[in-house]
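Commentary on secondary and tertiary structure
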Amino acid sequence: KQEVTQIPAALSVPEGENLVLNCSFTDSAIYNLQWFRQDPGKGLTSLLLIQSSQREQTSGRLNASLDKSSGRSTLYIAASQPGDSATYLCAVVSDYKLSFGAGTTVTVRA
Amino acid sequence: NAGVTQTPKFRVLKTGQSMTLLCAQDMNHEYMYWYRQDPGMGLRLIHYSVGEGTTAKGEVPDGYNVSRLKKQNFLLGLESAAPSQTSVYFCASQRGNEQFFGPGTRLTVL
């Protein structure tokens, strides 16, 4: 059974600092990995999707890397802003099903 | 294009009552999913469907039933609600290996 872990569970940084969020998974036989953002009381918004054959994916200030062999992904958010405050979830796809981590709750202080 | 919609947004039930949550998508996706999200935990898969007329059990199916009579709709039923089913329920549909989520239904069982 795929287990997905996100460390740390919570993170607080001053505005402008770069954010590094970690995700690890136990079974490297994945189709892809997806990073989501969730605002309080809201649904999930997809940020980045990394196919299993890719090493990284970028969108604006966001960059996600994937190392299947070690079972790790890292989400980098450059020059953080208060609007980046949210919970970030990673999920791995195996057999058309997603397995989620518990998320990292980020607070960016102005 | 409304994407994935969920009805209702909020509901309070008494123990033993029944209810049905409706998920609808207008993107012609074959795959649809029901998840629950509890505090401090990632999303857990309840049931899923790979096409009209088909359903399958996920990680935590007990106490729930589902139906997919039409491609665009995926219904989640609670026959006899229990306090342990207090949660936020998310529906998703899938294109390729990317999932798109609804805004969620917050259910409280007293």
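Residues numbered from 1 in each chain as written. Chains lettered and ligands numbered in written order. Predicted model: local features only at pLDDT ≥ 70, side-chain atom pairs only at ≥ 80, totals over all residues. Heavy atoms only, no water.

**Examining the overall build of chain A**
- The helix and strand inventory of chain A stands at 0 helices and 11 strands.
- Walking chain A from its N terminus toward its C terminus, one meets helices and strands in the order β-β-β-β-β-β-β-β-β-β-β.
- Here chain A has a C-alpha radius of gyration of 13 Å; the compact-globule value for 110 residues is 13 Å, and the two agree.
- Taking the principal axes of the C-alpha coordinates as reference, chain A spans close to 40 × 25 × 20 Å.
- Looking at chain A as a whole, 44% of its 110 residues qualify as buried.
- In chain A, the share of contacts with a sequence separation of at least 24, taken over all contacts with a separation of at least 6, comes to 53%.
- Here chain A has roughly 5,200 Å² of accessible surface; of this, 47% comes from carbon and sulfur atoms.
- Taking the average location of the 9 positive side-chain charges in chain A and that of its 9 negative ones, the two points are 3 Å from each other. (Helix = DSSP H or I, 4+ residues; strand = E, 2+ residues; numbered from the N terminus. Rg over C-alpha atoms; globule rule 2.2 N^0.38 Å. Buried < 20%, exposed > 50% of the residue type's maximum accessible area, 1.4 Å probe, protein only. Contact = heavy atoms within 4.5 Å. Areas by Shrake-Rupley, 256 points an atom, 1.4 Å probe, with all protein chains shown as cover. Lys, Arg positive; Asp, Glu negative; His and termini not counted. Charge placed at Lys NZ, Arg CZ, Asp CG, Glu CD.)

**Description of the nonpolar core**
- Core analysis: the largest hydrophobic core is formed by 22 residues, its most contacted members being Phe25(A), Leu33(A), Trp35(A), Leu75(A) and Tyr88(A).
- For this core, the elements supplying multiple residues, two or more each, are strand E3 (19-25), strand E4 (32-38), strand E5 (44-51), strand E7 (62-67), strand E8 (72-77), strand E9 (86-94) and strand E11 (104-109) of chain A.
- Grouped together as the second largest cluster of nonpolar side chains are 19 residues, Leu13(B), Ile46(B), Val66(B) and Leu76(B) included. (Core = buried A, V, L, I, M, F, W, Y, C linked by side-chain atoms within 4.5 Å.)

**Looking at the side chain of Ser73(A)**
All names here are of chain A.
- Mapping Ser-73 onto the fold places it in strand E8.
- Under the relative-accessibility criterion, Ser-73 is labelled buried at 1%.
- Among the polar contacts listed, one links the side chain of Ser-73 to the backbone oxygen of Ser-65, at a separation of 2.7 Å. (Polar contact = N/O pair within 3.5 Å; in protein donor to acceptor, adjacent residues only side chain to side chain.)

**Some words on the sheet that holds strand E1 (residues 4-7) of chain B**
Residue and element names in this part refer to chain B.
- With antiparallel pairing, the 4 strands of this open sheet are ordered in space as E1-E3-E8-E7. Of all strands in the sheet, those bounded by a partner on one side alone are E1 and strand E7 (65-67). Within this sheet the neighbouring strands show an average axis-to-axis angle of 20°, counted without direction.
- Bridge analysis of E1 against strand E3 (residues 19-25) gives 4 bridges, and the strand direction is antiparallel. Its bridge partner lying in E3, Val-4 is registered against Gln-25. (Pairing = 2+ DSSP bridges. Axes fitted to C-alpha atoms, helices over the stretch in contact; angles between N-to-C directions.)

**Let's talk about the environment of Phe90(B)**
- Within the element layout of this structure, Phe90(B) appears in strand E9 (residues 87-95).
- Each C-alpha atom of the pair Phe90(B) and Gly102(B) lies 6.1 Å from the other, and the pair is 12 residues apart in sequence.

**Focus on the pairing of E11(A)**
All names here are of chain A.
- Side chains Thr-104, Val-106 and Val-108 of E11 all project onto a buried face; the interleaved residues Thr-105, Thr-107 and Arg-109 project onto a face where none is buried.
- Two strands pair when backbone bridges link them, and strand E2 (residues 10-14) and E11 are joined in this way by 5 bridges, in the parallel orientation. Its bridge partner lying in E11, Leu-11 is registered against Val-106.

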